[in-house]
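Remarks on the overall topology
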Amino acid sequence: MTSVLTPVHTCVDCGRVSRRSHHDHRTCDGLVVVVDGDHECSRCGAPIRPATTCGDCGGDVTVEARAMPVDFSPSVSRRALEAAIHDATNHARRSHGLDALDADPHLATIARSHSTHMVDADFSGHETPDGRTLTDRYDRAGYDWRQCGENVAKHYPDDLDDATVIAREIVEGWLDSPGHRENLLEPDWRVEGIGVDYATDGAVLATQNVA
């Protein structure tokens, strides 16, 4: 898991230890981090003056920068993002005069498994580190792969709270890539399954299986 340096305040009088500090502002409560020795808000970037007294007893405090694990993955649910990618895909297809795709739960299971594998094995692509391919995944799931396709994406969204925005960025990325675009806009496809998983560094791993 990714870690950042955060200030740890220890009171020299009562011994209270505060391991997590947040920006005390009416419009921002971002985590306070230490960058090159300076304290700043991780969300808005505002400089932060370290506390000098204990909030409990008023005694003096010492401040030490320590590494703390941070999960930067999106706050939206995986299922909500999958639905948003499905909607964004169909919006793109309709705008090009193509039929919308129906959601296929079986294909979604295949897609979710692959996205989770990409997170766990730290890779992004159609072939797994142990050499398994799209047809192997379809075979294992008992799905006819004779006419099928797959798009994958590894995307770092700026907005971690809006499924619609993240989905639009992923689909736009596919449309900007010739091979992925051809897959997404194939007229013969009738169904699709979307599966996503999140890496702790903020990456969204997405798989789109179509048939």
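The structure displayed is predicted, hence computed values, not measured ones. (Residues numbered from 1 in each chain as written. Predicted model: local features only at pLDDT ≥ 70, side-chain atom pairs only at ≥ 80, totals over all residues. Heavy atoms only, no water.)

1. Digging into the overall build of the protein
- When helices and strands are tallied, the protein shows five helices and nine strands.
- Reading the protein from its N end, one meets helices and strands in the order β-β-β-β-β-α-β-α-α-β-α-α-β-β.
- Over its C-alpha trace the protein gives a radius of gyration of 23 Å, far above what one expects of a compact globule, namely 17 Å for 211 residues.
- Principal-axis analysis of the C-alpha atoms places the extent of the protein at approximately 70 × 35 × 25 Å.
- In the protein, which comprises 211 residues, the share counted as buried stands at 43%.
- Per element, the accessible surface of the protein, about 11500 Å² overall, is 46% carbon and sulfur. (Helix = DSSP H or I, 4+ residues; strand = E, 2+ residues; numbered from the N terminus. Rg over C-alpha atoms; globule rule 2.2 N^0.38 Å. Buried < 20%, exposed > 50% of the residue type's maximum accessible area, 1.4 Å probe, protein only. Areas by Shrake-Rupley, 256 points an atom, 1.4 Å probe, with all protein chains shown as cover.)

2. Structural notes on the pattern of salt bridges
- The tally for this structure, following the rule as stated, stands at seven salt bridges.
- Between Asp130 and Arg132 there is a salt bridge, with its nearest N and O atoms 3.6 Å apart.
- The class of Arg132 is partly exposed, set by a relative accessible area of 41%.
- Shared partners join several salt bridges into a network, and the residues in it are Arg79, Glu82 and Arg112. (Salt bridge = Lys/Arg side-chain N within 4 Å of Asp/Glu carboxyl O.)

3. Observations regarding the packing of aromatic side chains
- One pass over the full model with this rule turns up one aromatic pair.
- With centroids separated by 5.5 Å and ring planes inclined at 90°, the aromatic side chains of Tyr138 and Tyr143 adopt a geometry described as edge-to-face. (Phe/Tyr/Trp six-rings, centres within 6.5 Å; stacked < 30°, edge-to-face > 60°.)

4. Let's talk about the sheet that holds strand β6 (residues 102–103)
- Ordered in space as β6-β8-β9-β7, the four strands form an open sheet in which the pairing is mixed. What marks the edges here is a single partner per strand, and that holds for β6 and β7 (149–155).
- Both strand β8 (residues 191–198) and strand β9 (residues 204–210) contribute to a ladder of seven bridges, which runs antiparallel. Bridge assignment links Gly193 to a residue of β9, and that residue is Asn209.
- Its contacts with the sheet put helix α2 (residues 105–121) on β6, β7, β8 and β9, and the angle it makes with β8 is roughly 30°. (Pairing = 2+ DSSP bridges. Contact = heavy atoms within 4.5 Å. Axes fitted to C-alpha atoms, helices over the stretch in contact; angles between N-to-C directions.)

5. With respect to the environment of Leu205
- Locating Leu205 in the fold gives a position in strand β9.
- Sequence separation between Leu205 and His155 is 50 residues; the distance between their C-alpha atoms is 6.6 Å.
- Setting aside chain neighbours within four positions, we find Leu205 in contact with Ser115, Met118, Val119, Phe123, Ser124, Ala153, Lys154, Gly195, Val196, Asp197 and Ala199.

6. A word on the sheet that holds strand β1 (residues 3–11)
- Pairing is antiparallel in the open sheet, where three strands are placed in the order β2-β1-β5. Looking at strand neighbours, the two that pair on one side only are β2 (17–18) and β5 (61–69), the edges of this open sheet.
- Bridge count between β1 and β2: two bridges; the pairing is antiparallel. Bridge pairing in β2 places His9 opposite Ser18.

7. Considering the UniProt feature "domain: SCP" (unreviewed entry) in the protein
- Residues given the UniProt feature "domain: SCP" (unreviewed entry) here are residues 87–204.
- Overall, residues 87–204 shows 46% helix and 15% strand. The separation of its end C-alpha atoms is 17 Å. (UniProt positions renumbered as here; feature names shortened; annotations may be inferred.)

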